[in-house]
Amino acid sequence: MKSIEWKRPDKPINREDIAKVEQIFGASFPEDYVNCIQLYHGGKAKPNGVDLNGNVRVFAKLLSFLDDSFYNIVNTYINNKDRFMDGIYPFAIDPGGNYFCFDFRKDKNNPTIVFWNHEIAVNASDYDPEDLKRFSLEEAQERAMEKVCNSFSELLGMLHD
């Protein structure tokens, strides 16, 4: 795996801190992610570019596990829960307020990675009930996501300048 420099990570956390978040989410994070965030949660990656369907996305910062962090992982999830589909959990942010997320919908043990665009993401209150007779909320929410790769390690391997 290529070398990644993590700038300004938050203080290291232990497995118990991570388990608290897993309990809130009702999901178990993959070990490659757990190993990384124990030391680098809240940190900025360098390099940080990710090629995705002809666009470069920026992997700006891992979400933090510190309760008082502006980029706290639980608060980020709660603040967007009505726009995240079930089984989608954010773990990193880009500079525009979009998120890299774990997608546990197909496999509870091996989530894929998706890029979630907040400008496309919707909730039920964004639509008139008549609209939702023509298409489902799930279809609209699915449009906010692009598959990135199959694992956290694969994502880190995709990072470039």
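Above this note sits the structure.
Every value quoted in this text rests on a predicted model; they were computed, and no experiment measured them. (Residues numbered from 1 in each chain as written. Predicted model: local features only at pLDDT ≥ 70, side-chain atom pairs only at ≥ 80, totals over all residues. Heavy atoms only, no water.)

*Asks:* Teacher, can you tell me more about the overall build of the protein here?
*Replies:* A count of helices and strands for the protein gives six helices and nine strands. Compactness check: the protein gives a C-alpha radius of gyration of 16 Å against a globular reference of 15 Å for 161 residues, within 12% of the reference. Considered along the principal axes of its C-alpha atoms, the protein spans approximately 50 × 35 × 30 Å. With 161 residues in all, the protein has 47% of them scored as buried. Within the protein, contacts between residues separated by at least 24 positions form 59% of all contacts whose residues are at least 6 apart in sequence. Here the protein has roughly 8,600 Å² of accessible surface; of this, 47% comes from carbon and sulfur atoms. Charged side chains of the protein number 19 positive and 26 negative; the gap between the two group centres comes to 3 Å. (Helix = DSSP H or I, 4+ residues; strand = E, 2+ residues; numbered from the N terminus. Rg over C-alpha atoms; globule rule 2.2 N^0.38 Å. Buried < 20%, exposed > 50% of the residue type's maximum accessible area, 1.4 Å probe, protein only. Contact = heavy atoms within 4.5 Å. Areas by Shrake-Rupley, 256 points an atom, 1.4 Å probe, with all protein chains shown as cover. Lys, Arg positive; Asp, Glu negative; His and termini not counted. Charge placed at Lys NZ, Arg CZ, Asp CG, Glu CD.)

*Asks:* What is the right way to look at the nonpolar core in this model?
*Replies:* Across soluble globular proteins, nonpolar side chains show a tendency to be buried alongside one another. Formed by 47 residues in total, the largest nonpolar core has its most connected members in Phe29, Tyr33, Phe59, Leu62, Phe91 and Phe100. Among the elements that take part in this core, strand E6 (residues 88–93) stands out by supplying five residues, more than any other. The residues touching Phe59, leaving out its near neighbours within four places in the chain, are Trp6, Ala45, Asn48, Val50, Phe91, Ala92, Ile93, Phe100, Leu155 and Leu159. (Core = buried A, V, L, I, M, F, W, Y, C linked by side-chain atoms within 4.5 Å.)

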